Structures are given as structure tokens and as C-alpha cells.
Amino acid sequence: MKRMGCLLFVIVLLVIGYDQWRIEQLRQEVRAISAKVHVESKDSGGKSGSDLVTALAEAERHAKNAKDLIAKKKPGQAQAELDKALKRLQSANSVSKDIVGDAAEFLGNARDRTVRTFQKAWNDISEEAKTQKK
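Cut-offs used in this document
Residues numbered from 1 in each chain as written. Predicted model: local features only at pLDDT ≥ 70, side-chain atom pairs only at ≥ 80, totals over all residues. Heavy atoms only, no water. Helix = DSSP H or I, 4+ residues; strand = E, 2+ residues; numbered from the N terminus. Salt bridge = Lys/Arg side-chain N within 4 Å of Asp/Glu carboxyl O. Buried < 20%, exposed > 50% of the residue type's maximum accessible area, 1.4 Å probe, protein only. Polar contact = N/O pair within 3.5 Å; in protein donor to acceptor, adjacent residues only side chain to side chain. Expected span 1.5 Å × (residues − 1). Arc of directions from axis to C-beta. pLDDT = per-residue confidence, 0-100. Contact = heavy atoms within 4.5 Å.

Caption draft 1: Highlighting the overall build of the protein chain. Secondary structure summary: the protein chain contains three helices and zero strands in total. Listing the helices and strands of the protein chain from first to last along the sequence gives α-α-α.

Caption draft 2: Structural detail: the pattern of salt bridges. In total, this model carries five salt bridges according to the counting rule given. Across the pair Glu24 and Arg27 runs a salt bridge whose closest N-O atoms are separated by 3.6 Å. With Glu24 and Arg27 both in helix α1 (residues 2-38) and three residues apart, the pair spans about one turn of that helix. In this structure, the salt-bridge partner of Glu60 is Lys64, at a minimum N-O distance of 3.6 Å.

Caption draft 3: Structural context of the side chain of Arg88. You can see Arg88 is positioned in helix α3 (residues 75-133). A residue is classified by how much of its surface remains accessible, and Arg88, at 9% relative accessible area, is buried. At a separation of 2.8 Å, a polar atom in the side chain of Arg88 contacts the side chain of Glu58.

Caption draft 4: Region of interest: helix α2 (residues 52-71). Here α2 is 20 residues long and its end C-alpha atoms lie 29 Å apart, about the 28 Å a rise of 1.5 Å per residue gives. Those residues of α2 lying buried are Leu52, Ala55, Ala59, His62, Ala66 and Leu69. Down the axis of α2, the smallest arc covering the buried residues is 105°, so these residues share one side. Exposed side of α2, more than 90 degrees from the buried face: Lys64, Lys67 and Ala71 are the residues found there. Of the residues flanking the end of α2, it is Lys73, one or two places downstream, whose phi is positive at about 60°.

Caption draft 5: View of the confidence of the model for the protein chain. Taken residue by residue, the protein chain gives an average pLDDT of 79. The fraction at 70 or more is 85%. Under a pLDDT of 50 for its full length, residues 40-49 has, in the predicted model, 14 contacts with residues more than four places off or in other chains.

Caption draft 6: How the structure looks around the environment of Met4. You can see Met4 is positioned in helix α1. Put simply, Met4 and Ile125 are 121 residues apart on the chain and 9.0 Å apart in space, counted from C-alpha to C-alpha.

See below:
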């Protein structure tokens, strides 16, 4: 019985260690996502674009400028401002899709590895219990 208790204690320690290791990996992934949000990205035109937050702020600024130009009855300039706002929104959309895709892939892989680890631990515990009964 003491042997089973020691084995269970070792398994619990291994699971806790594995959890801490996975938590550190998740922290690194969050740092990487944060870097993608707050670092410059490349536009499709090859020019250096802004991060997600800046792109959204610029889109808002261009939309407000367009609204003011419409009020002043300058539709050509307003259209140009709206085109700039649309371009910034598309840039922000691209960055956000990259972030979501990377995070989803990472979390899916983490879930799969966790399931495999617990299944293996369960099988090991079951095998140990079977050998003790005989």
C-alpha cells in the first residue's frame, strides 16, 4: 500500500512539474502574441505598417477626417480618407488573423499533448493496480 502511495505521489509531482512547464510555454506564447500586437508588421505593399492598436487608431482618425470633409461638401477628399481608413482596417485585420491562428494552433497542440499525458498516466496507474491484484 505504501508503494502505491509513493507511486501516486511521484505521479502527482510529475504532473505538477509538467503543468508548470506548460504554463511557462503558454507565457512565452502570450509574449509572442503581445509582440505581434505591438510591433511593426509589413503591409502588402512592402512598406512598414503599424501594429494592431496603431492601425485601429489611424483608421478611426481617417474616418473622422472623412466625416468632417463630407460635412464641408468635399466628397473627393472624403473618399480618399475613407480609402485610407479601409486600408488601415485591412492591415489590422491581417495582424489579428495571424495572432488568432497562432494562438489556436498552439492551444490545440497543448490540449492534445495534455490529453496524451493524462491517458498515459492513467494507463500506468491501471497497469500498476492490475499487477498488485495478481
